[in-house]
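# Summary of structural features
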Amino acid sequence: MSESQGSEGTTRQLPVIEKDTGPDPLDQSASATDYRPPPAADGEGGGDGRFWSARRIPAAITALLLFLVAGFFLYDIASVRADRPAMRWRRELARQLAERPLDDTWVLVGAGVAAVLGLWLLVLATTPGLRSVLPMRRIHPDVRAGLHRDLAALVLRDRAMEVSGVQSVRVRMGRRRADVRAVAHFRALDDVRADLDSTLADAIRGLGLSRPPALSVHVRRPGRKG
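Residues numbered from 1 in each chain as written. Predicted model: local features only at pLDDT ≥ 70, side-chain atom pairs only at ≥ 80, totals over all residues. Heavy atoms only, no water.

A few words now on the overall build of the protein chain. In terms of regular secondary structure, the protein chain is built from six helices and six strands. Its helices and strands in sequence order give the protein chain the pattern α-β-α-α-α-β-β-α-β-β-α-β, from N to C terminus. For the protein chain, the proportion of its 226 residues judged to be buried stands at 26%. Looking at the protein chain alone, contacts between residues at least 24 apart form 66% of all its contacts between residues at least 6 apart. (Helix = DSSP H or I, 4+ residues; strand = E, 2+ residues; numbered from the N terminus. Buried < 20%, exposed > 50% of the residue type's maximum accessible area, 1.4 Å probe, protein only. Contact = heavy atoms within 4.5 Å.)

Written out as structure tokens, the structure is:
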């Protein structure tokens, strides 16, 4: 009995040390990052611009309108040369142009419409177009390739779905920026986002684009049902 009392007298309760582990990573609702375009590999740089569009539809509309207007005027001029009276619409147009002052409302409206159409044609003639096609690096001097933005977005989506924890991905591919929004149903969001950063950077570099787009990654948790 004395031994039990002695043991009780020498026994001390050790202090409990609580470890601060911080917030649970699974409680995080979103994680996002923005990065500059990934650097191109050595010897693979390129500065090819966009592809030029043939502008078939605007060219066809413009040619058709010019053909119709020129046809009407040529027919009327030929009629006058054949000692027949000019058509009524041309006589009325000549009278209106002769009588109306330059500051008339309809004259200003017509001049504005003509100026807008002319400016539109100049913009079409001086801009390349084909914004949906991303130029690729030119490896051979005689061959030039391009990649459609929808196909590039599909490649990035497939690569992102290979990352562990990713449930769904939505990719918007622009000429200068790739916006990736993923939903992760397990793993810490920062870990999923870091894996997506590495995987998608390699995927963008593997696309072989002459101007790789910047990468924006946003990861969130699935929304609550109900």
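In this section: the layout of surface pockets. As a volume, the largest pocket reaches approximately 410 Å³. Elements with a minimum of two residues in the lining of the largest pocket: α2 (56–81) and α4 (105–126). Ranked by the residues each element gives to the lining of the largest pocket, the list is headed by α4, at seven residues. For the lining of the largest pocket, the class distribution of residues is 10 nonpolar, three polar and no charged. (1 Å grid on protein atoms, 1.4 Å probe; cavity = no way out; pocket = protein on both sides within 12 Å on 5 of 7 lines; lining within 4 Å. Points joined across faces, edges and corners; volume = space filled by probe spheres on them. Nonpolar A, V, L, I, M, F, W, Y, C, P; charged D, E, K, R; others polar.)

To continue, consider unusual backbone geometry. Phi is positive for Asp-83, which is not a glycine, with a value near 65 degrees. Here Asp-83 lies in the loop between α2 and α3 (88–99). For Asp-83, a relative accessible area of 75% corresponds to the exposed category.

What follows covers the packing of α2 against α3. Contact pair α2 / α3: the axes reach a minimum separation of 10 Å and the direction vectors enclose 100 degrees. In terms of their interaxial angle, α2 and α3 are classed as roughly perpendicular. Across from Phe-72, Phe-73, Asp-76 and Val-80 in α2, the residues of α3 making contact are Trp-89, Arg-90 and Leu-93. (Axes fitted to C-alpha atoms, helices over the stretch in contact; angles between N-to-C directions. Parallel < 35°, antiparallel > 145°, perpendicular 65-115°, else oblique.)

For the rest of this paragraph, the subject is the packing of helix α5 (residues 149–161) against helix α6 (residues 189–206). Two numbers describe how α5 lies on α6: the axes approach to 9 Å, and their chain directions differ by 145 degrees. In this structure, the crossing between α5 and α6 has a hand that is right-handed. Residues Leu-156, Arg-159 and Ala-160 of α5 lie in contact with α6, whose contacting residues are Leu-196, Thr-199, Leu-200, Asp-202, Ala-203 and Ile-204. (Left-handed = near helix turned anticlockwise from the far one by under 90°.)

Take the sheet that holds strand β6 (residues 214–220) next. If you walk across this open sheet you meet the four strands as β1-β6-β5-β4, and the pairing is mixed. Here the strands that pair on one side only, and so sit at the sheet edges, are β1 (30–35) and β4 (166–173). Here the strands of the sheet are splayed against their neighbours by 10 degrees on average, with no regard to which way each runs. Sheet topology places β1 next to β6; six bridges connect them, and they run antiparallel. Of the residues in β6, the one forming a bridge with Asp-34 is Ser-216. Of the strands in this sheet, β4 and β5 (177–184) touch α5, which is tilted by about 160 degrees from β4. Across the sheet, α6 lies against β1, β4, β5 and β6, angled at about 150 degrees from β6, the strand it touches most. (Pairing = 2+ DSSP bridges.)

It is worth spelling out the nonpolar core at this point. Membership of the largest hydrophobic core comes to 26 residues, with the highest contact counts inside it found for Leu-156, Met-173, Leu-196, Leu-200 and Val-219. Within the residue set of this core, elements represented by two or more residues are α5, β4, β5, α6 and β6. The greatest single-element share of this core, amounting to six residues, is contributed by α6. Setting aside chain neighbours within four positions, we find Met-173 in contact with Leu-134, Arg-149, Ala-152, Ala-153, Leu-156, Ala-178, Leu-207, Leu-209 and Pro-213. (Core = buried A, V, L, I, M, F, W, Y, C linked by side-chain atoms within 4.5 Å.)

Attention shifts here to the confidence of the model for the protein chain. Across the protein chain, pLDDT averages 80, with 81% of residues at or above 70. When pLDDT is averaged over each element of the protein chain, α5 comes out on top at 94 and helix α1 (residues 2–10) at the bottom at 47. Across residues 1–9 the pLDDT falls below 50, and counting only partners more than four positions away or on other chains, this stretch makes zero contacts in the model. Counting contacts from residues 14–25, a segment whose pLDDT is below 50, to residues more than four positions away or on other chains yields two contacts. (pLDDT = per-residue confidence, 0-100.)

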